[in-house]
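Listed below are the residues making up each chain.
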Amino acid sequence: MSPVTSASALQVKAVSASPHTATGIKDVPELTKMIDVSVCIGCKACEVACQEWNDLKVDEIRESPPQTYQTLPDLEYNFWQLIKFNETERDGRLLWTLTKYQCMHCEDPGCLKACPAPGAIVQYSNGIVDFVQENCIGCQFCVTGCPFDVPRISPTTGKVYKCTLCSDRVSAGLEPACVKSCPTNAISFGTREKMLAQAQGRVAQLTADGLDHAAVYNPSGVGGTHVIYVLPHGDETSLYGLPTNPKVTFVNLWKGPLKWLGNLVFAGGIVGVVLHYLRYGPREVDESRHDDVKH
Amino acid sequence: MAQRADGRNLIVRYPMIDRVVHWTIAGTFVYVMLTGLALFSPPFFWLADVFGGGPVIRYWHPIIALVFLAALAVLLVRWFKDMKVDADDRRWIGHFREFVTGDEKVVADAGRFNFGQKALFWVQSASAVLLLLSGVTLWFPRSFDVGLRQAGFIVHDLSAIVAIGALIVHIYMGVFVTPGSVKAMTQGTVSARWAEAHHARWLKALRSATPQARH
Ligand code: HEM
Ligand code: SF4
């Protein structure tokens, strides 16, 4: 595969707790990873590739949920992507909705907005959202800010980790490790327009095959995501363990009006007492009058 | 009852234990407030560096908060009786305007604490309880579901805002408006004139309880 982008892909667009970040002016293409659920066979090659490229080792394989093939019950700080083996009964038959689960690289990332530590989360112009562990303070505000429940803290380092969309590989013009490993081409990577068009094409094919509700998952509540899905049952996102309408409304309320209310009370309080002092002054007690203290 | 150099009486307002507990509350609250502010809003993040860096304050904020709460609990027990809102407080509320503008004579007839002090105390205590309940959800996020954690942030922020607002008024009143209050909380005593000017009913009650308090 030819390089999808150049090294300039890692131009900073937004930085946590730094409202006035200077953004670059280079015209960097937005990139997107597309996951075609209808083609995934659950071989877990992507899980292995992710662990290997990122030099991650799970300390212990914990018990999976009963009777599934899932590697782990959920994401871990050192296990950044997981094939969820979701099982549902449909018309008396098993419906297996294998879903590759990882950070969605939101256009409007709740994690970054929630983060109080300057520089601990960055968003690049190409759409990748990356955690910078040197600046992470371990507060886990991102855990509450993320509508996809992705960030995980390491009990040993006290820092939060997640899928980087292989920002290191992408900055060198390579595709993410999971994309490279997939034997069925269920995962594609490229410019955003190209991936959206490809996804729409697949949806048209699936619809023609009789899957009337096939759809692209690119939720608008978070401004769209840089990881998108082709879902055969697009009207039932819960089959795939994906939120139907993820939003960052709470984060916006928390980081917007609530902060302003605070600033108003703090500043108003200080200005108020200063003005009160200037107008009314202290209440001195005349200590020289000791004759009139009533018993 | 201590004697002043000029022979006049000094009245013990806050015994040693009250003073130690009060300054424990003050110190821990200020630490927790400043470290909380560092996380509250990016322009305050430099406070994190003052206190040893982000990871350090993230670790200590909730722990020092527990010390604050424990000390507050002691004061709650010790002052509960004097902080009870009673019928005389209604009159104080009626004269709130005069209190604000400094014509304190009409409201000087207060017990050990006037209604303003009582209100501040109860507001601080209530926000401390809310800060604890909500703070625990921020402390151990994986033990609570996302809805509770979101409510936790809203409650933690709102109660911190109320508590800090109340603290501004508290410090202003104690340090700037009523000279003698700081000494009451550092050395423990006030003059009879001070007591009469601000807490006449308290003075009266003290005198009838301890006849030797008369001079
Ligand atoms: C009483 C027990 C309290 C507990 C258990 C607690 C716990 C926490 C925790 C766990 C956090 C997240 C960051 C961190 O761990 O440092 C936090 C943040 C914060 N705390 Fe507390 N805290 C308490 C009391 C207070 C008090 C007394 C104040 C000050 C008025 C305060 C103000 C704040 C603020 C402003 C934040 C930032 C929240 C935000 O950015 O939305 N907390 N607290
Ligand atoms: S999925 Fe979660 S962690 Fe990933 S960018 Fe969105 S908010 Fe951040």
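Preceding this paragraph is the structure being described.
Small disclaimer: the values here were computed from a predicted structure and weren't measured.

Caption draft 1: Representation of the nonpolar core. Membership of the largest hydrophobic core comes to 111 residues, with the highest contact counts inside it found for Ile121, Phe148, Tyr229 and Trp254 of chain A together with Trp79 of chain B. When residues of this core are assigned to domains, at least three fall in each of domain 1 (12-247) and domain 2 (248-280) of chain A. Filtering out sequence-adjacent residues up to four positions away, Phe148 of chain A remains in contact with Tyr101, Met104, Cys106, Tyr217, Pro219, Val222, Thr225, Pro243 and Pro246 of chain A. Counting residues in each nonpolar core, the second largest holds eight residues, with Met34, Leu206, Ile228 and Val230 of chain A among its members.

Caption draft 2: Spotlight on the interface of chain B and chain A. Tallying the contact residues gives 47 residues for chain B and 46 residues for chain A. Contact between chain B and chain A buries roughly 4,300 Å² in total, counting both sides, with carbon and sulfur atoms accounting for 65%. The interface formed by chain B and chain A holds two salt bridges in total. Taken together, the connections running from chain B to chain A amount to 14 residue pairs in polar contact (both at pLDDT 80 or more). Contributions of two or more residues to the side of chain B that touches chain A are made by helix H1 (16-40), helix H3 (54-83), helix H5 (96-101), helix H7 (146-177), helix H9 (192-198) and helix H10 (200-209) of chain B. If one sorts the elements of the side of chain B that touches chain A by residue count, H7 of chain B sits on top with 15 residues.

Caption draft 3: How the structure looks around the site of ligand 1. In the vicinity of ligand 1, 25 residues are found, and the nearest of them are Trp254 of chain A together with Arg58, His61, His156 and Asp157 of chain B. The environment around ligand 1 is built from residues contributed by chains A and B. Lys259 of chain A is positioned such that a nitrogen or oxygen atom in its side chain is 3.4 Å from an oxygen atom of ligand 1. One of the backbone nitrogen or oxygen atoms of Leu39 of chain B is found 3.1 Å away from an oxygen atom of ligand 1. Among the secondary structure elements, those contributing two or more residues to the shell around ligand 1 are H1, H3, helix H6 (115-139) and H7 of chain B.

Caption draft 4: Inspection of the site of ligand 2 at higher detail. In the vicinity of ligand 2, the contacting residues are Cys103, Met104, His105, Cys106, Gly110, Cys111, Val129, Cys146, Pro147, Phe148, Pro151 and Lys162 of chain A. Its residues assigned to classes, the shell around ligand 2 comprises nine nonpolar, two polar and one charged.

Caption draft 5: The environment of Phe40 of chain B, seen in detail. Inspection of the secondary structure assignment puts Phe40 of chain B in helix H1. Look past the residues within four positions of Phe40 of chain B in its chain and what remains in contact with it is Leu258, Lys259, Gly262, Asn263 and Phe266 of chain A together with Asp157 and Ile161 of chain B.

Caption draft 6: Looking closely at the sheet that holds strand S5 (residues 121-124) of chain A. Residues and elements named next belong to chain A. Reading across the sheet, the three strands line up as S1-S5-S6 and stay open at both edges, with antiparallel pairing between neighbours. Bordering the open sheet on either side are strand S1 (12-15) and strand S6 (129-131), each of which pairs with just one other strand. Taken over all neighbouring pairs, the strand axes of this sheet differ in orientation by 30° on average, direction set aside. Strand direction decides the pairing type here: S5 and S6, joined by three bridges, are antiparallel. Looking across to S6, one finds that Gln123 is bridged to Val129.

Calculation criteria
Residues numbered from 1 in each chain as written. Chains lettered and ligands numbered in written order. Predicted model: local features only at pLDDT ≥ 70, side-chain atom pairs only at ≥ 80, totals over all residues. Heavy atoms only, no water. Core = buried A, V, L, I, M, F, W, Y, C linked by side-chain atoms within 4.5 Å. Buried < 20%, exposed > 50% of the residue type's maximum accessible area, 1.4 Å probe, protein only. Domains from an automatic or database assignment. Contact = heavy atoms within 4.5 Å. Buried area = accessible area lost by both parts, 1.4 Å probe. Salt bridge = Lys/Arg side-chain N within 4 Å of Asp/Glu carboxyl O. Polar contact = N/O pair within 3.5 Å; in protein donor to acceptor, adjacent residues only side chain to side chain. Helix = DSSP H or I, 4+ residues; strand = E, 2+ residues; numbered from the N terminus. Near = heavy atom within 4 Å. Nonpolar A, V, L, I, M, F, W, Y, C, P; charged D, E, K, R; others polar. Pairing = 2+ DSSP bridges. Axes fitted to C-alpha atoms, helices over the stretch in contact; angles between N-to-C directions.

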